[in-house]
Amino acid sequence: AIAPLLEGCDLLGVAQTGTGKTAAFALPLLSRLDPKLKAVQILCLAPTRELAIQVADAMENFSANIPGLSILPVYGGTGYSEQIRELKRGAQVVVGTPGRVMDHVQKKYMKLDQVKALVLDEADEMLSMGFADDLEYIVEQMNPDHQTLLFSATMPKHVQKLANKILEDPEEIRASGKEERPPSLVKQFVMICTLRQRVDAIEKLLLAWQPSAAIIFCKTRNRVETVADILRPKGAEALHGGMPQA
């Protein structure tokens, strides 16, 4: 990917997590960035705050030899003030979730007229999470003379449709396939039981396996609270979207 990106080409990358795509796009884009220009020059969109933080951290490491470079992760579920302060100071690289980025653009805290490169990381995830309108809005606000990179683990019709709309004569690179995926180290089991028996079954499994740590996923917030209450004597705690980030 590095050679076409250095030439300024648009890129369509089909790649699973762990194939090195962050370095593949970050290294060439950072090398073309103007550290003296205090404006957003690289905008990377990711589906979750966790991925945005991860990509921002990686770009911090890759840009250690660029003095004065400001890389800002932008995501929801946290306050605006620090993000606004860094944008006003002239953050040059923004890595964020579509909803919060669109929010900053609409409120005029983030300007996209100087953006040289737009990266959509995990595009299939972003579309499946309902960010299609946010992505289109963000692209519409940018100057037309920018480089666009779209990465996706899969290429269903709705992702291909987005790629056709925002990419111009892209270089296409595929770095995924069953033969390249590492073998799963996770053992999987299925137990069929009624809802009434389920927590009892979980307790028996925990007692039998004695895991040092475990995560139990439930369908709803109420169910999370119910299961956590029953398992709290075993050290369980609840975690769901209705709780504050702190």
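The following paragraphs examine the structure supplied in this document. Every residue gets a number counted from 1 within its own chain, in the order that chain's sequence is written. Only residues with pLDDT of at least 70 are given local features in this predicted model, and only at 80 or more are side-chain atom pairs given and counted; all residues enter the totals for whole chains, interfaces and linings. Note that the side-chain values use all heavy atoms of the structure and ignore hydrogens as well as water.

## A word on the sheet that holds strand E6 (residues 147-152)
Here is step 1 of the chain: With respect to topology, seven strands assemble into an open sheet ordered E3-E4-E2-E5-E6-E1-E7, the strand pairing being parallel. Only two strands of the sheet have a single partner each, and these edge strands are strand E3 (71-74) and strand E7 (171-175). The mean angle between the axes of side-by-side strands here comes to 15 degrees, regardless of whether they run parallel or antiparallel.
Here is step 2 of the chain: In the packing of helix H4 (residues 81-89) onto the sheet, contacts are made with E3 and strand E4 (93-96), and the angle to E3 comes to roughly 145 degrees. In short, DSSP must find at least two bridges between two strands for them to pair. Numbering goes from the N terminus for both helices and strands, where a helix is a DSSP run of H or I of at least four residues and a strand is a run of E of at least two. Orientation is described by axes fitted as lines to C-alpha atoms, over the contacting stretch for helices, and by angles from 0 to 180 degrees between their N-to-C directions. Note on contacts: a residue pair is in contact if any heavy atoms of the two residues lie within 4.5 Å.

## Points about the nonpolar core
In summary, soluble globular proteins display a tendency toward joint burial of nonpolar side chains.
Here is step 1 of the chain: In this structure, Leu43, Leu45, Leu120 and Leu150 are the most contacted members of the largest nonpolar core, which totals 30 residues.
Here is step 2 of the chain: Of all the secondary structure elements, the ones that give two or more residues to this core are strand E2 (42-45), E3, helix H5 (98-106), strand E5 (117-120), helix H6 (123-128), helix H7 (132-141) and helix H8 (157-166).
Here is step 3 of the chain: Here Leu45 is in contact with Gly96, Pro98, Val101, Leu118, Val119, Leu120, Asp121, Met126, Leu135 and Ile138, once residues within four sequence places are set aside. In this description, a nonpolar core means a group of buried Ala, Val, Leu, Ile, Met, Phe, Trp, Tyr and Cys residues linked to one another through side-chain atoms lying within 4.5 Å. Whether a residue is buried, partly exposed or exposed follows from its accessible area with a 1.4 Å probe, protein chains only, as a fraction of its type maximum: under 20%, in between, or over 50%, in that order.

## Things to note about the packing of helix H2 (residues 21-31) against helix H3 (residues 49-62)
Here is step 1 of the chain: The contact between H2 and H3 brings their axes to 10 Å, and the two run at 50 degrees. On the basis of the axis angle, H2 is oblique to H3. In this structure, H2 crosses over H3, and the sense of that crossing is right-handed. Listed contacts from H3 to Thr22, Ala23, Phe25, Ala26, Leu27 and Leu30 of H2 are Val55, Ala58, Met59 and Phe62.
Here is step 2 of the chain: Nonpolar residues are Ala, Val, Leu, Ile, Met, Phe, Trp, Tyr, Cys and Pro. Charged residues are Asp, Glu, Lys and Arg, and all others, Gly as well, are polar. Taken together, the residues of the contact of H2 with H3 break down into nine nonpolar, one polar and no charged. Just so you know how the angles are binned, under 35 degrees is roughly parallel, over 145 roughly antiparallel, 65 to 115 roughly perpendicular, and the rest oblique. Put simply, a crossing is left-handed when the front helix is turned counterclockwise from the back one by less than a right angle, and right-handed when it is turned clockwise.

## Let's talk about helix H9 (residues 195-209)
Here is step 1 of the chain: Helices are assigned an expected span. That span is 1.5 Å times one less than the residue count. Between its first and last C-alpha atoms H9 spans 21 Å; for 15 residues at 1.5 Å apiece the expected length is 21 Å, and the two agree.
Here is step 2 of the chain: Listed as buried for H9 are Val199, Ala201 and Ile202. For H9, the arc enclosing every buried residue in end-on projection is 160 degrees, short of the 170-degree limit, so these residues lie on one face. Turned more than 90 degrees from where H9 packs its buried face, Arg196, Lys204, Leu207 and Ala208 sit exposed.
Here is step 3 of the chain: The inward-facing, buried residues of H9 abut helix H10 (221-231).
Here is step 4 of the chain: A positive backbone phi angle near 50 degrees is found at Gln210, which sits one or two residues after H9. Each direction from the helix axis to a C-beta atom contributes to the arc, which is the arc of those directions.

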